[in-house]
Amino acid sequence: MPSPTTTAIDQSATPDAGSPKVLRRLIRFAVPYWPRLIAVALLLVGSGAFVIAVPELVKWAIDSGLGVKVGDDTVRVAVDETLLVVAGLAILGAAVLRGLSQFGQSYLSEWVAQRVAYDIRNRLYHRLQTLSFAYHDTAETGQIMSRATQDVEVVRMFLNFGGLRLIYVMLLMAVVLVLMLATHWQLGLVGWGFMALICWRSFVVARTLRPVWLEVQEGQARLGAVLHEALTGIRVVKAFSREEFESRRFGREAAWLYDRSFLASRIQAVNGPLMTGVWMGAMVVTIWWGGVLVAQGTLTLGDLSAFLLYLTLLQGPVRSLGWMVTMVPRAASAGTRIFEILDQESAVRERPDAMPLLNPRGAIRFDDVSFAYADRSPVLHGVSLDARPGELIALLGRTGSGKTTIVNLLSRFYDVSAGAVTFDAIDVRALQLDSLRRRVAVVQQDVFLFPATIGDNIAYGRPDATPEEVAAAAKVARIHDYITTMPHGYDTWVGERGVTLSGGQQQRLAIARALLMDPRVLVLDDSTSSVDSKTESEIQQALALLREGRTTFVIAHRLHTVRDADQILVLDEGRIVERGRHAELLRRDGLYRRIYDTELRAQETVDRGAVAAAGGSG
């Protein structure tokens with residue numbers, strides 16, 4: 001089977017999958033539920049006691065109720081019917097109490113395991129929400145989803161089967177072996193010998209399966225990542241007729257997962273019958289030697305029956321022992337992957353003494369700001385700008401010049417590498433993140449809409465907004481009229497990522513969502529790139545009414561925007577190479593003039609033609 005060329009986890013940077021430290025950290029999630037854990041422990045003891053009681057009762061019934069005496073040539077049996085009835089009722093009672101104890105233990109242990117899984121998933125999700133853009137820039141969605149689902153499920157099974165029940169089985173085996181030794185130490189040593197062999201074999205299997213299960217979990221994550229990418233980009237796949245390529249890519253990952261999963265199953269398939277065979281060998285040896293001891297008169301039939309019942313009762317736990325033991329390395333592997341996310345430190349952190357942003361005016365200043373993404377060359381060099389409240393700042397430049405990076409630093413999606421960004425003369429790093437971002441509304445270039453109603457998407461930043469406020473924001477964004485033509489109006493369901501809407505409709509919904517927050521600073525990151533000139537003109541007229549008292553940053557390639565801007569900042573390779581107003585920059589004959597000649601002049605010609613046509617028709 002083919003092997004993947006990359007793995008999602010750098011093994012050199014993560015703890016050993018079998019590290020006890022990982023298991024201890026997982027178990028600590030169960031500590032808050034210690035009252036139920038104590039109850040589980042008591043029920044485990046009770047269940048084990050009733051399991052052990054049955055062979056002892058059988059031994060008592062045979063030795064006392066039957067009164068079997070073995071002579072040289074004869075076997076005499078004296079039956080005590082009353083005692084046998086009492087023994088039968090006692091055995092039945094022990095079985096019923098054992099069943100009740102096992103039910104309580106199973107119920108409570110599953111409750112604790114499910115609750116821990118719930119807590120871990122919530123911790124994972126909360127951690128992912130608090131990590132900055134820097135983490136999500138490189139994280140694979142499929143890998144994250146695998147860790148929040150499959151890996152957490154492995155931890156749940158470990159706590160229930162590989163933890164609590166494993167302890168129960170080990171204690172039960174130890175107590176039974178002690179009782180066997182107390183009954184007849186030579187025959188008990190036979191059980192001890194076979195148990196040592198089984199324990200050694202379980203250790204070998206666990207050590208062998210540890211890396212295999214880690215590879216299986218990695219393979220599941222990679223398979224999920226490939227599936228997520230293919231489904232998310234299905235339109236691109238079909239547009240370029242790459243169905244066969246994507247099928248082969250998925251097939252390679254599926255083949256790798258099949259190979260490793262089958263290897264793990266093969267190891268377990270060999271181990272299970274082998275351990276059962278070893279245990280049956282213990283039964284054979286016990287019957288043979290026990291029969292000899294009974295014939296010699298050094299062991300009673302009750303003792304031998306108890307020995308055989310002990311072996312029979314332990315057969316099930318021993319057969320599952322190998323599977324329980326494998327849960328330990330699987331949980332350690334899953335825990336390693338889970339803690340890789342939980343231990344991530346956000347590149348953007350809120351200071352303990354961070355202050356709220358009260359009565360904001362919207363004065364924005366970049367003071368000699370430089371910035372570099374992790375492991376990449378700097379994308380901003382010594383950027384300085386001063387935006388007064390109510391100003392419209394247009395950012396212009398070729399692709400990759402740093403325009404989007406500037407507005408990302410304003411909302412503190414990233415932290416500057418050098419210099420400072422201030423909001424009303426306060427360093428944004430000294431502000432509470434929630435307070436800052438509620439004052440800065442961003443309409444990003446890549447519009448994302450949730451699979452919800454149109455009204456819910458507009459009110460996402462202000463879920464307490466009234467329907468009238470939602471409609472008012474939609475009117476400003478020039479999307480209200482379209483919404484009212486739909487059968488369900490604002491209750492119309494939007495497909496995943498807004499696929500049921502056109503690009504222009506998506507962007508206008510995003511603008512309405514930002515405006516509903518009533519921000520002091522408005523950021524439009526190329527947010528009118530998917531609307532026609534007429535719609536953009538309508539949006540610009542509406543935004544002009546809203547700019548009073550607000551600072552607006554716009555990244556656009558439309559002439560309307562740059563012509564009306566209070567400041568135009570022209571960026572080239574991460575530096576502001578020109579700044580000023582439209583007419584002033586045209587006279588300088590610099591980079592702005594070249595961009596105007598190649599990209600904006602044609603728009604001006606179209607605009608003049610539209611005006612002339614409108615005048616002629618009037």
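As the structure is a prediction and not an experimental result, all values here were calculated from the model.

Some points on the overall build of the protein chain
Here is step 1 of the chain: For the protein chain, the count of helices and strands is 19 helices and 12 strands.
Here is step 2 of the chain: By residue count, 46% of the 618 residues in the protein chain fall in the buried class.
Here is step 3 of the chain: Intrachain contacts of the protein chain at a sequence separation of at least 6 include 77% that bridge at least 24 residues.
Here is step 4 of the chain: Counting only carbon and sulfur atoms, one obtains 59% of the accessible surface of the protein chain, whose full area is about 30,700 Å².

Digging into the sheet that holds strand β5 (residues 392-397)
Here is step 1 of the chain: Strand order in the open sheet formed by 6 strands is β8-β9-β10-β5-β11-β12, with mixed pairing between adjacent strands. Of all the strands in the sheet, the pair left with one neighbour each is β8 (440-443) and β12 (575-580). The sheet shows a mean angle of 20° between the axes of neighbouring strands, direction not considered.
Here is step 2 of the chain: Pairing of β5 with strand β10 (residues 551-555), which is carried by 4 bridges, proceeds in the parallel orientation. Within β10, the position partnered with Ile 393 by the bridge is Phe 553.

Details of the packing of aromatic side chains
Here is step 1 of the chain: This structure, assessed with the given rule, holds 11 aromatic pairs.
Here is step 2 of the chain: Look at Phe 103 and Tyr 107: their rings are 6.2 Å apart centre to centre, the planes differ by 25°, and that puts the pair in the stacked class. Residue Phe 103 and its partner Tyr 107 are located together in helix α3 (residues 81-130), separated by 4 residues, close to a single helical turn. Each of the two residues, Phe 103 as well as Tyr 107, counts as exposed.
Here is step 3 of the chain: Taking NZ or CZ as reference, Arg 36 lies 3.8 Å from the ring centre of Trp 111, over its face.
Here is step 4 of the chain: A cation over an aromatic ring shows up here: Arg 260 above the ring of Trp 256, its NZ or CZ 5.5 Å from the ring centre.

Quick notes on the nonpolar core
Here is step 1 of the chain: Core analysis: the largest hydrophobic core is formed by 44 residues, its most contacted members being Ile 454, Ile 458, Ile 483, Tyr 490, Leu 509, Ile 568 and Tyr 592.
Here is step 2 of the chain: For this core, the element with the most residues is helix α15 (residues 503-516), which contributes 7 residues.
Here is step 3 of the chain: Not counting chain neighbours up to four residues away, the residues in contact with Ile 483 comprise Ile 454, Ile 458, Ala 474, Gly 489, Tyr 490 and Leu 509.
Here is step 4 of the chain: Residues Leu 108, Leu 299, Tyr 310 and Leu 321 belong to the second largest nonpolar core, which totals 35 residues.

A short note on the pattern of salt bridges
Here is step 1 of the chain: One pass over the full model with this rule turns up 27 salt bridges.
Here is step 2 of the chain: Taking the shortest distance from any N to any O, the salt bridge between Arg 412 and Asp 415 comes out at 2.6 Å.
Here is step 3 of the chain: Sharing partners across several salt bridges, the network here consists of Glu 110, Arg 121, Glu 153 and Arg 156.

What counts as what
- Residues numbered from 1 in each chain as written.
- Predicted model: local features only at pLDDT ≥ 70, side-chain atom pairs only at ≥ 80, totals over all residues.
- Heavy atoms only, no water.
- Helix = DSSP H or I, 4+ residues; strand = E, 2+ residues; numbered from the N terminus.
- Buried < 20%, exposed > 50% of the residue type's maximum accessible area, 1.4 Å probe, protein only.
- Contact = heavy atoms within 4.5 Å.
- Areas by Shrake-Rupley, 256 points an atom, 1.4 Å probe, with all protein chains shown as cover.
- Pairing = 2+ DSSP bridges.
- Axes fitted to C-alpha atoms, helices over the stretch in contact; angles between N-to-C directions.
- Phe/Tyr/Trp six-rings, centres within 6.5 Å; stacked < 30°, edge-to-face > 60°.
- Lys NZ or Arg CZ within 6 Å of the ring centre and 35° of its normal.
- Core = buried A, V, L, I, M, F, W, Y, C linked by side-chain atoms within 4.5 Å.
- Salt bridge = Lys/Arg side-chain N within 4 Å of Asp/Glu carboxyl O.

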